[in-house]
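Coordinates in review
Listed below are the residues making up each chain.
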Amino acid sequence: MNKKIMKAIIGVVTVAVVAGSFVGCGNKNSNTAETTSPTSGEIMVLGSSALQPLAEIAAKDFMDKNSDAVINVQGGGSGAGIKGVLEGSADIGNSDVTAEQKLGDEEKAKELVDHQVCGIGFAVVVSKDVKVDSLTKEQIQDIFKGNIANWNQVGGEDKEIVLVHRKSSSGTRMSFIDKIMDGEKEDTSIGITKPESGAVREAIKVTEGSISYLALSYLSEDVREDVKPLAINGVEPSNETIIKGDYPFWSFEHMYTKGEAQGLEKAFIDYMISEENVKNVEALGYIPMSKLK
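Residues numbered from 1 in each chain as written. Predicted model: local features only at pLDDT ≥ 70, side-chain atom pairs only at ≥ 80, totals over all residues. Heavy atoms only, no water.

What about the layout of surface pockets?
The computed volume of the largest pocket comes to approximately 250 Å³. Lining of the largest pocket is provided by 15 residues; of these, Leu216, Leu219, Ser220, Leu284 and Gly285 occupy positions nearest its centre. Among the residues making up the lining of the largest pocket, the classes are represented as 6 nonpolar, 5 polar and 4 charged. (1 Å grid on protein atoms, 1.4 Å probe; cavity = no way out; pocket = protein on both sides within 12 Å on 5 of 7 lines; lining within 4 Å. Points joined across faces, edges and corners; volume = space filled by probe spheres on them. Nonpolar A, V, L, I, M, F, W, Y, C, P; charged D, E, K, R; others polar.)

Digging into the pairing of strand β8 (residues 210–215)
For β8, the buried fraction is high: 6 of the 6 residues fall into the buried class. Of the two faces of β8, both are covered, the one formed by Ser210, Ser212 and Leu214 as well as the one formed by Ile211, Tyr213 and Ala215. (Buried < 20%, exposed > 50% of the residue type's maximum accessible area, 1.4 Å probe, protein only. Helix = DSSP H or I, 4+ residues; strand = E, 2+ residues; numbered from the N terminus.)

Notes on the packing of aromatic side chains
How two aromatic rings sit relative to each other is given by the distance of their centres and the angle of their planes. For the coordinates displayed, the defined rule picks out 8 aromatic pairs. Look at Phe176 and Phe249: their rings are 5.9 Å apart centre to centre, the planes differ by 50°, and that puts the pair in the tilted class. Of this pair, Phe176 sits in helix α7 (residues 171–179) while Phe249 sits in the loop between α9 (239–244) and β11 (250–258), and the two are 73 residues apart along the sequence. Here the two residues Phe176 and Phe249 agree in accessibility, since each one is buried. An aromatic cluster is defined as three or more aromatic residues linked by ring pairs; in this entry it consists of Phe122, Phe144, Phe176, Tyr213 and Phe249. Note that Lys179 overlies the ring of Trp250, its terminal NZ or CZ placed 5.5 Å from the centroid. (Phe/Tyr/Trp six-rings, centres within 6.5 Å; stacked < 30°, edge-to-face > 60°. Lys NZ or Arg CZ within 6 Å of the ring centre and 35° of its normal.)

Regarding the packing of helix α2 (residues 52–65) against helix α10 (residues 263–272)
Where α2 meets α10, the closest approach of the two axes is 10 Å, and the angle between their N-to-C directions is 115°. Judged by the angle between their axes, α2 and α10 are roughly perpendicular. Every pair of crossing elements has a handedness; the one defined by α2 and α10 is right-handed. Contacts between α2 and α10 involve Leu54, Ala55, Ala58, Ala59, Asp61, Phe62 and Lys65 from the first element and Leu264, Ala267, Phe268, Tyr271 and Met272 from the second. Class assignment of the residues belonging to the contact of α2 with α10 gives a composition of 10 nonpolar, no polar and 2 charged. (Axes fitted to C-alpha atoms, helices over the stretch in contact; angles between N-to-C directions. Parallel < 35°, antiparallel > 145°, perpendicular 65-115°, else oblique. Left-handed = near helix turned anticlockwise from the far one by under 90°. Contact = heavy atoms within 4.5 Å.)

Let's talk about unusual backbone geometry
In this structure, Asp182 takes a positive phi of about 55° despite not being glycine. Structurally, Asp182 is set in the loop between α7 and β7 (192–194). With relative accessibility at 49%, the residue Asp182 sits in the partly exposed group. Residue Asn233 is not a glycine yet carries a positive backbone phi of 55°. Position of Asn233 relative to the elements: it lies in the loop between β10 (231–232) and α9. By relative accessible area, which is 47% here, Asn233 ends up partly exposed.

Here we look at the pairing of strand β4 (residues 112–127)
Buried residues dominate β4, accounting for 14 of its 16 residues. Sheet topology note: the β4/β11 ladder contains 9 bridges and is antiparallel. From the neighbouring strand, Gln116 faces β11, where its bridge partner is His254. The pairing of β4 with β8 spans 5 bridges and is classified as antiparallel. Looking at the pairing, Val126 lines up with Ile211 of β8. Note: β4 against strand β9 (residues 227–229), 3 bridges, orientation antiparallel. Bridge pairing in β9 places Val125 opposite Pro229. (Pairing = 2+ DSSP bridges.)

A word on the side chain of Asp129
You can see Asp129 is positioned in the loop between β4 and β5 (134–135). Separated by 3.1 Å, the side chain of Asp129 and the backbone nitrogen of Gly209 make a polar contact. Asp129 has contacts with Glu157, Lys159, Thr207, Glu208 and Gly209, leaving out every residue within four places of it along the chain. (Polar contact = N/O pair within 3.5 Å; in protein donor to acceptor, adjacent residues only side chain to side chain.)

With respect to a negative patch on the surface
A cluster of like negative charges, contributed by Glu100, Asp105, Glu106 and Asp114, occupies part of the molecular surface. Turning to its location among the elements, Asp114 is positioned in strand β4. A residue is classified by how much of its surface remains accessible, and Asp114, at 35% relative accessible area, is partly exposed. (Patch = residues over 30% accessible without salt bridge, like charges linked within 9 Å, V, L, I, M, F, W, Y side chains within 5 Å. Areas by Shrake-Rupley, 256 points an atom, 1.4 Å probe, with all protein chains shown as cover. Salt bridge = Lys/Arg side-chain N within 4 Å of Asp/Glu carboxyl O. Lys, Arg positive; Asp, Glu negative; His and termini not counted. Charge placed at Lys NZ, Arg CZ, Asp CG, Glu CD.)

Below, the structure written as structure tokens:
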């Protein structure tokens, strides 16, 4: 073959290969530029049954707006939430109390990042047959220690008092011990114990002479037809009396992550405290952070 023709063919082939390599590089760069959206993926949110109603409706709204997100919300108590996020079985741990309070281990608690998302009020509640509308803190303490066993000792009818307790992992129970019992534990050897807020509400509804405590988020108007919240020292349980500083039985709601929140965890927590979610916060009986600062 003529040498000039051969050189021309080699030159064309070389140009084609080099051009192809540039095209290939261009495709590779466009693929690696693709990143995962912070509102996509799947997370587990576990813990406080008091925060569960708000977390569930916020998760539904968030997923409606972000079709690639899957947010699983479960209760189980504040202790389960904090333990789950520490051990890695949950991405977000919901709690009515701080991790330091729940764990009793400051070093372990330092592994977690606290995100306060709202305030929540609680009420001491009784069955509708109880003819008492208000108790002092001291009377409540004596009832839960077993020192007062009949409603006639606090102005009610001659009827036995039935205690309904929460299990030890409950953040609501810890808030009750802290804010109402002044740190002293109740006598759980008397009465009955229920695992979650919904079970407590049902037990109070069907058990005459019963008393317990519930988050205000579990005391909608229809529920109050079967369960009666009591005033404490004459002050009614409400968001208004909490914001004024008159009512003692309330706490912040916490969402814990192991380390700084990232990706979908952060996006969902940001949504929980957003102005967009305030409508859910207030409709379900919680208190927006803006009103507690």
